[in-house]
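Here is what each chain is made of, one letter per residue.
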Amino acid sequence: MTVEIRKMNLKILKSKFLPVDKVILENKNILELEKDFKNSIIDIKKNDEIISEEKKQVEVIHEEKKSEKRFWRIKKKEDVIHEEKKQVEVIHEEKKSEKRFWRIKKKEEMISEIKKKKIKSSEIKEEKIIDVKKKEETNIPNFMTIAKVEWDNNEIHAGIIKDPTAKGGFRYKVIEPVLSEKEEKTFEMIKKLLMTELSVSMGEIKTKKEAEYKLKKKIHSMIKKYRLRIPPKNIEKINYFAVRDFIYLGKIEPLMRDNMIEEISCDGTNVPIYVWHRENESMPTNIIFEKEAELNNFVRKMAYICGKHVSASSPILDASLPGGSRVNLTLGREITKRGSTFTIRRFKADPITVIDLIKYGTMSVDIAAFMWYLIEKRTTMLVAGGTASGKTTALNALASFIRPGQKVVSIEDTQELNLPHENWIPAVSRQSFSDKQVGEINQFDLLRAALRQRPDIIIVGETRGQEAYTLFQAMATGHGGFSSIHADSIEATLTRLTSAPMEVPRALISNSLDLIMLQLKIRLGEKSVRRVIQVAEIEGLDKQTGEIKTHTLFQWNPIEDKHEFMGKSIVFKKIKERDGETDEKFAYELTKRRLALEWMVKNNIRDYRDVSNNVMEYYADPERYYERKRLEM
Ligand SMILES: Nc1ncnc2c1ncn2[C@@H]1O[C@H](COP(=O)(O)OP(=O)(O)OP(=O)(O)O)[C@@H](O)[C@H]1O
Ligand SMILES: [Mg+2]
């Protein structure tokens, strides 16, 4: 069957298309073509393989290139990081060297300052202008360098630095721990928590140390309770700021701890707090109240600590801080245009004694001996002078001459006097809290009460109002009396006494007052010093003019910085007439006291307790004391 079909096909082919031989030829061609085709397919396959191989290679190259690119990107990044690292290191190094530079600079400054001081003191010695020992006002080391402030575990430093941006070229700098922004936030939170949680009754706490301990304990328990994550180092810092702000006087507390600071004053917001330094005088500090609310709160807090109150309706306050420092406050902008203000007269825990006054050159041994004798004889006197001239200090120092056992009543608006006497009533006036002056007890009320207490000596801290008349009346009736008065000359003192609001009659003054000691704060060379300028006795009334006549007994000579005795004493004449003393006795009494004072100066007996003990010893047996000390001189 298949043969048949084939034959048929061949027939058809033959009949229809080509001759057989041609077909055979064609067949042959087809076979060759097939072969070629097969070959070409093989070639194509081979080509494909080559192409795929190449593709693969290209891909590999591509991959390689990609990874190379990545590599370079990474490398570039690494280079940038390296560069940045380098820069950071450079900055770090620079900062380090800058710090080192400032440390070295500070040291250099300290050395040059010390050198300068040495040169200065040797110059003064050589020129013999003024006795240096006399000019030396305190024996407390000077603070030209930064010194450590007494404060538990914390490194608090304070002192004077040279600062060209400060007025006068010096600044008083307080260096405290620094809180980072985060620490500040934590502290603020702890502060708020303390305000809500602290419920310790003030009566329970006896001392500040105890309060400190309790506060720290509370902070510790709060950190635990609220699971606050604070590193121990930072807890110390937070404790410092909490104790500083809650128990002490906040920002200004480090200033309160430097005995060389006499006065601290804040004139308002955004003005540096100023201090009056015993050696370097007035200078700004690095402490500033920037926010009005902060300063207002601080002033209110200070009033509260003093047990008083300031408000918009009574924005002025004179008060004493618990440590004895005197403070004057004003609240708000209504009366003080730069904002709330405060002035603190720092209490000197170690009071200035009469021996200090002699050493400083404020008064001479002769003046002190004369005053001693007059005080023993219960004379009456006023210490006159300007603001901060040392009137209260002089009054306090001279009061140590009061014979032990005599009854003393002192009257003040804020307590500053501190007497060594047992038989002493310190009375302090009370301000009214209301506008109608209900509950107010002023110096006048206290003075009237004091007279009923039959004192031997009345001391009125500062005479300025209607109490003056009563004081002079008391002095006219045989009471010893001392007071201070704000005036800068003897004449001005008498004018103030005789005009409003005191209005003491001239006749009463001449009958009751024995002398006026004028003390001023003056400039001597480059320094500000306090000097008794004049001791004037009240001689009586001028019959023609009706004016009060005075007699100068001691006068300060500014050229030699010496006190000169000007001649016979009128007060002594009065004592002679009253007590029947003789000139010889008077001279002898002065000699004994002069020697006692000189002995104390020589032996540096300057502490108020020691001075007072010596005065007591003297009163116990003047002759024996005199003989003993004379042998020791
Ligand atoms: N002779 C002195 N030498 C050095 N410093 C003194 C002397 N007398 C007083 N001071 C200091 O001067 C400051 C002012 O003294 P004090 O309070 O006695 O003056 P004041 O005249 O009573 O002042 P106010 O006018 O304010 O009442 C105090 O810090 C005191 O320590
Ligand atoms: Mg005073």
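Worth saying up front: this structure is predicted, and the values here are computed from it rather than measured. (Residues numbered from 1 in each chain as written. Chains lettered and ligands numbered in written order. Predicted model: local features only at pLDDT ≥ 70, side-chain atom pairs only at ≥ 80, totals over all residues.)

Caption draft 1: Just the overall build of the protein, in detail. Helices and strands together make up the secondary structure of the protein, namely 19 helices and 18 strands. Taking the intrachain contacts of the protein between residues at least 6 apart in sequence as the baseline, contacts between residues at least 24 apart amount to 54%. (Helix = DSSP H or I, 4+ residues; strand = E, 2+ residues; numbered from the N terminus. Contact = placed C-beta atoms within 7 Å.)

Caption draft 2: Layout of helix α13 (residues 467-476). With 7 of 10 residues buried, α13 lies mostly within the body of the structure. Regarding α13, the residues found buried are E467, A468, T470, L471, F472, A474 and M475. Those residues of α13 that are buried are in contact with β10 (380-385), α12 (443-452), β13 (457-460), β14 (480-486), α14 (490-498) and α15 (506-512). In the segment just after α13, G478 is the residue with positive phi, at about 100 degrees. (Buried ≥ 20, exposed ≤ 12 C-beta atoms within 10 Å, placed from the backbone.)

Caption draft 3: Seen up close, the packing of helix α10 (residues 365-376) against helix α17 (residues 583-602). Relative orientation of the contacting elements α10 and α17 amounts to 120 degrees, with a least axis distance of 9 Å. Between α10 and α17, the angle falls in the class oblique. Note on packing geometry: the crossing formed by α10 with α17 is right-handed. Within the contact between the two elements, α10 uses V365, D366, A368, A369, F370, W372 and Y373 and α17 uses E589, L590, R593, R594, L597 and E598. Of the residues that constitute the contact of α10 with α17, the class distribution is 8 nonpolar, no polar and 5 charged. (Axes fitted to C-alpha atoms, helices over the stretch in contact; angles between N-to-C directions. Parallel < 35°, antiparallel > 145°, perpendicular 65-115°, else oblique. Left-handed = near helix turned anticlockwise from the far one by under 90°. Nonpolar A, V, L, I, M, F, W, Y, C, P; charged D, E, K, R; others polar.)

Caption draft 4: Structural context of the site of ligand 1. The immediate surroundings of ligand 1 are formed by 18 residues, with G390, K391, T392, T393 and R530 found nearest. With 3 residues, the single largest contributor to the shell around ligand 1 is helix α11 (residues 391-399). Residues of the shell around ligand 1, tallied by class, amount to 4 nonpolar, 8 polar and 6 charged. (Near = placed C-beta within 6 Å.)

Caption draft 5: Representation of the environment of A476 in the model. As for its position among the elements, A476 is in helix α13. C-beta crowding within 10 Å serves as the criterion here: with 17 such atoms nearby, A476 is assigned to the partly exposed category. Sequence spacing of A476 and N511 is 35 residues, and the spatial spacing of their C-alpha atoms is 6.3 Å.

Caption draft 6: Representation of the nonpolar core within the structure. The biggest cluster of nonpolar side chains holds 74 residues, and the ones touching the most others in it are A368, M371, L398, I459 and I516. Among the elements that take part in this core, α10 stands out by supplying 9 residues, more than any other. Once you skip the residues sitting within four places of it in the chain, L398 turns out to touch V354, M371 and I375. Judged by nonpolar contacts, the second largest core, of 30 residues, contains A158, L255, C306 and V310. (Core = buried A, V, L, I, M, F, W, Y, C linked by C-beta atoms within 7 Å.)

Caption draft 7: The arrangement of unusual backbone geometry in detail. Residue P501 is reached from A500 by a cis peptide bond, and omega for that bond is 5 degrees. By secondary structure assignment, the location of P501 is in the loop between α14 and α15. A positive phi is found at E503, a non-glycine position, where the angle reads about 45 degrees. Examined against the element boundaries, E503 turns out to sit in the loop between α14 and α15. Assessed through the 11 C-beta atoms surrounding it within 10 Å, E503 is described here as exposed.

Caption draft 8: Structural context of the packing of helix α4 (residues 181-197) against helix α6 (residues 232-246). Where α4 contacts α6, the two axes come as close as 11 Å, and the packing angle between them is 50 degrees. Our classification of the angle between α4 and α6 gives oblique. Every pair of crossing elements has a handedness; the one defined by α4 and α6 is right-handed. Contact residues: E183, T186, F187, I190 and L194 in α4; N234, K237, I238, F241, A242 and F246 in α6. Partitioning the contact of α4 with α6 into residue classes produces 7 nonpolar, 2 polar and 2 charged.

Caption draft 9: A look at the sheet that holds strand β11 (residues 408-412). Ordered in space as β12-β11-β13-β14-β10-β15-β16-β17-β18, the 9 strands form an open sheet in which the pairing is mixed. If you trace the sheet from one side to the other, it starts and ends with β12 (424-428) and β18 (562-565), each paired once. Each strand of the sheet is rotated relative to its neighbour by a mean of 20 degrees, with strand direction disregarded. Bridging between β11 and β12 involves 5 bridges; their strand directions are parallel. Considered in β12, the bridge of E412 is made with V428. (Pairing = 2+ DSSP bridges.)

Caption draft 10: Local environment of the confidence of the model for the protein. When pLDDT is averaged along the protein, the result is 84, and 82% of the positions lie at 70 or above. Low pLDDT (under 50) marks residues 119-143, which in the prediction has 20 contacts with non-local residues, meaning those over four places away or in another chain. (pLDDT = per-residue confidence, 0-100.)

Caption draft 11: Up close: the environment of T470. When you line up the elements, T470 lands in helix α13. Using a count of 20 C-beta atoms within 10 Å as the deciding quantity, one classes T470 as buried. Taking the C-alpha atoms as reference points, T470 and R448, separated by 22 residues in sequence, lie 7.5 Å from one another. When sequence neighbours within four positions are dropped, the list of residues in contact with T470 reads F444, L447 and R448.

Caption draft 12: Spatial organisation of the environment of A507. With respect to the helices, strands and loops of the structure, A507 is situated in helix α15. For A507 and E547, which are 40 residues apart along the polypeptide, the C-alpha to C-alpha distance reads 9.2 Å.

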